[in-house]
Amino acid sequence: MASYIIEGGKRLEGEVKVSGSKNASLPIIAASILNPGITRLYNIPNIHDTQITLEILKYLGCKVRKNHGKIEINSKNMTKRDIPEHLMHQMRSTVVLAGAILGRFKEARFSYPGGCDIGARPIDLHLSAFKKLGINITEEGGFITCKCDKIIGANIDLDFPSVGATENIILASIYAEGITTITNSAMEPEIVDLANCLNKMGAKIEGAGTKVIQIEGVKKLKDISYTVMADRIEAGTLLCAGAITGGNICINYKTPDHITPIINKLEEAGCKIQIAKGKICLQAPKRLKAVDIKTMPYPGFPTDMQSIFVSILTIAKGTSVVVENIFENRYRYVAEIKRMGARITTEGKTAIIKGVRKLSGAKVKSTDLRGGACLVLAGLAARGTTTVTNIEYILRGYEKLDEKLKKLGAKIKIENNDK
Ligand code: UD1
């Protein structure tokens, strides 16, 4: 287990580039399974979650080559249709590989996925959608086997606009007979990126980014090169790092419309934001102001930014109320940040944050990916030294976070506790 050691109190200044999106990369890597040929992907972040997904592809029989920021996946000679339990358990998004394997072979075998412990995170919506596509599902000994002779287009109305379920339905129905219509689909930009990539391969997907998506089954896909979108949660995290340190920073990021609710809330908290071509610059006020937040499916305020925003609200002037509407267990980091002097009470979905003037450095433990990032930001602003342990959670989703923060003037280093 490794830790970040952070000397707090440095005002961040300068400019950094936002990496490729984790949540877009994972389903796009899965999509490469559907084309029995070569897919070249650019801008895939080099993080634990993409490495695990590529490991699974290799296990399935794909050839994976990495070369200067390009990843080339050759799925021609894929042999296996099952996902090993130990890899499936490492992260929840492995579940989208099931839709891609099914789409290609009409057969897939996998266990329940793992991932950050931020709530129950069932896959009932994924499985009931597969059934609607004519896929038989059997469960035995913790394994789920999906099989059918052919996938048949269907109308699927999601009870909740689940991101993963929407992606899985798209992947499973690319070669389906007829048309699949998803209503109440998730509208996240990562779904648009997946659809753009698949359409470039020759798929026929319409309506991605809206509440209704239509997929007309095609007979074959073709080899392509595709550049994955930038990570909107990393963009938001870096802007919040600037805000919490009273800083003045710019991020190289070309899609400000993907982070509109984050920009709006930072402005409400008193930050000056300027959007120029390919860049967003933030100038923090002397002291941030309290703001209220409710997490919602896109285009609402993203649940992945909840903990990160709470970190900046701990030192804002006044009382903020935050409501977490997506995951039921996403306040596990609160006990840790309170050890740094934050005044937060939680009850069910709600957190009430009474801003203090300063946090103080402490030894705190990452509870999950975004909860860990929240503690790093708190450490940047705190008086004295903060040790954030269990940073493996953070490394799952952020590429070179310490190096980027260092470039902006933070004093942060990694310490490997295994030594
Ligand atoms: C994705 C993102 C994650 C983000 C989340 C919500 C990836 C790899 N991860 O996760 O970072 O926080 O979207 O924006 O893209 N649900 C069910 N049954 C299901 C599926 C989901 O009840 O079959 C519930 C979940 O428990 C949760 C809610 O729906 O309460 C949202 O989940 P979902 O949108 O599916 O999130 P993920 O795709 O897992």
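Moving on, we come to the overall build of the protein. A count of helical and extended segments in the protein gives 14 helices and 23 strands. Viewed in the frame of its principal axes, the protein has a C-alpha envelope of about 65 × 45 × 40 Å. Pairs at least 24 residues apart make up 72% of the contacts formed inside the protein by residues separated by at least 6 positions. Here the protein has roughly 17,000 Å² of accessible surface; of this, 48% comes from carbon and sulfur atoms.

To continue, consider the sheet that holds strand E2 (residues 13-17). Strand order in this open sheet of 4 strands is E2-E14-E16-E15, and the pairing throughout is mixed. With partners counted over all chains shown, the strands left at the sheet margins are E2 and strand E15 (272-276), one partner each. Strand-to-strand twist of the sheet, defined as the mean angle between neighbouring strand axes without regard to direction, takes the value 15 degrees. Pairing of strand E14 (residues 248-252) with strand E16 (residues 279-283) involves 5 bridges; the strand directions are antiparallel. Across the sheet, the residue bridging to Asn252 is Lys279, located in E16. Of the strands in this sheet, E2, E14 and E16 are in contact with helix H8 (residues 232-244), which crosses E14 at around 170 degrees. Most of the contacts of helix H9 (residues 260-268) go to E15, to which it runs at about 145 degrees, and overall it touches E15 and E16.

Moving on, we come to the site of the ligand. For the ligand, the set of nearby residues contains 18 residues, the closest of which are Arg92, Asp124, Ser162, Asp304 and Ile326. Within the backbone of Gly164, an N or O atom sits 2.8 Å from an oxygen atom of the ligand. A distance of 2.6 Å separates an oxygen atom of the ligand from a polar atom in the side chain of Asp304. Here the ligand loses 86% of its free accessible area of 750 Å² to cover by the protein chains. Among the secondary structure elements, those contributing two or more residues to the shell around the ligand are helix H5 (124-132) and helix H6 (163-172). Per-class residue counts for the shell around the ligand are 7 nonpolar, 6 polar and 5 charged.

Once that is clear, we can look at the nonpolar core. Phe110, Ile174 and Leu198 are the most contacted members of the largest nonpolar core, which totals 75 residues. In terms of residue count, helix H4 (residues 95-105) provides more of this core than any other element does, 8 residues in total. Discounting chain neighbours no more than four positions away, the residues touching Phe110 are Ile83, Met88, Ala98, Ile123, Leu127, Gly142, Phe143, Ile144 and Cys146.

If you walk through the whole model with that rule in mind, you get 13 salt bridges. The salt bridge partner of Lys150 is Glu177, with a shortest N-O separation of 3.5 Å. Of the two residues, Lys150 sits in the loop between strand E8 (143-147) and strand E9 (155-157) while Glu177 sits in the loop between H6 and strand E10 (179-183), which places them 27 residues apart along the sequence. Note that Glu336 is salt-bridged to Arg339, the shortest N-O span being 3.7 Å. Under the relative-accessibility criterion, Glu336 is labelled buried at 15%.

This brings us to the domain arrangement of the protein. Taken as a whole, the protein is organised into domain 1 (2-18 + 231-416) and domain 2 (22-227). Put simply, the middle of domain 1 and the middle of domain 2, counted by C-alpha atoms, are 31 Å apart. Residue-level contacts link 23 residues of domain 1 with 24 residues of domain 2. Buried area between domain 1 and domain 2, both sides added, is near 1,900 Å², and the carbon and sulfur share of it is 54%. Taken together, the connections running from domain 1 to domain 2 amount to 2 salt bridges. In this structure, the salt-bridge partner of Glu190 is Arg232, at a minimum N-O distance of 2.7 Å. Counting the contacts that link domain 1 with domain 2 gives 6 residue pairs in polar contact (both at pLDDT 80 or more). Looking at the side of domain 1 that touches domain 2, the elements that each hand over two or more residues are helix H12 (369-381) and helix H13 (392-395). Among the residues forming the side of domain 1 that touches domain 2, the class breakdown is 9 nonpolar, 3 polar and 11 charged.

Moving on: H9. Taken as a whole, H9 has its buried residues at Pro261, Ile262, Ile263, Lys265 and Leu266. Check the buried side of H9 and you find it contacts H8, E15, E16, strand E17 (293-294) and helix H10 (306-313). Positioned one or two residues after H9, Gly270 has a phi angle of 105 degrees, which is positive.

Conventions used here
- Residues numbered from 1 in each chain as written.
- Predicted model: local features only at pLDDT ≥ 70, side-chain atom pairs only at ≥ 80, totals over all residues.
- Heavy atoms only, no water.
- Helix = DSSP H or I, 4+ residues; strand = E, 2+ residues; numbered from the N terminus.
- Contact = heavy atoms within 4.5 Å.
- Areas by Shrake-Rupley, 256 points an atom, 1.4 Å probe, with all protein chains shown as cover.
- Pairing = 2+ DSSP bridges.
- Axes fitted to C-alpha atoms, helices over the stretch in contact; angles between N-to-C directions.
- Near = heavy atom within 4 Å.
- Polar contact = N/O pair within 3.5 Å; in protein donor to acceptor, adjacent residues only side chain to side chain.
- Nonpolar A, V, L, I, M, F, W, Y, C, P; charged D, E, K, R; others polar.
- Core = buried A, V, L, I, M, F, W, Y, C linked by side-chain atoms within 4.5 Å.
- Buried < 20%, exposed > 50% of the residue type's maximum accessible area, 1.4 Å probe, protein only.
- Salt bridge = Lys/Arg side-chain N within 4 Å of Asp/Glu carboxyl O.
- Domains from an automatic or database assignment.
- Buried area = accessible area lost by both parts, 1.4 Å probe.

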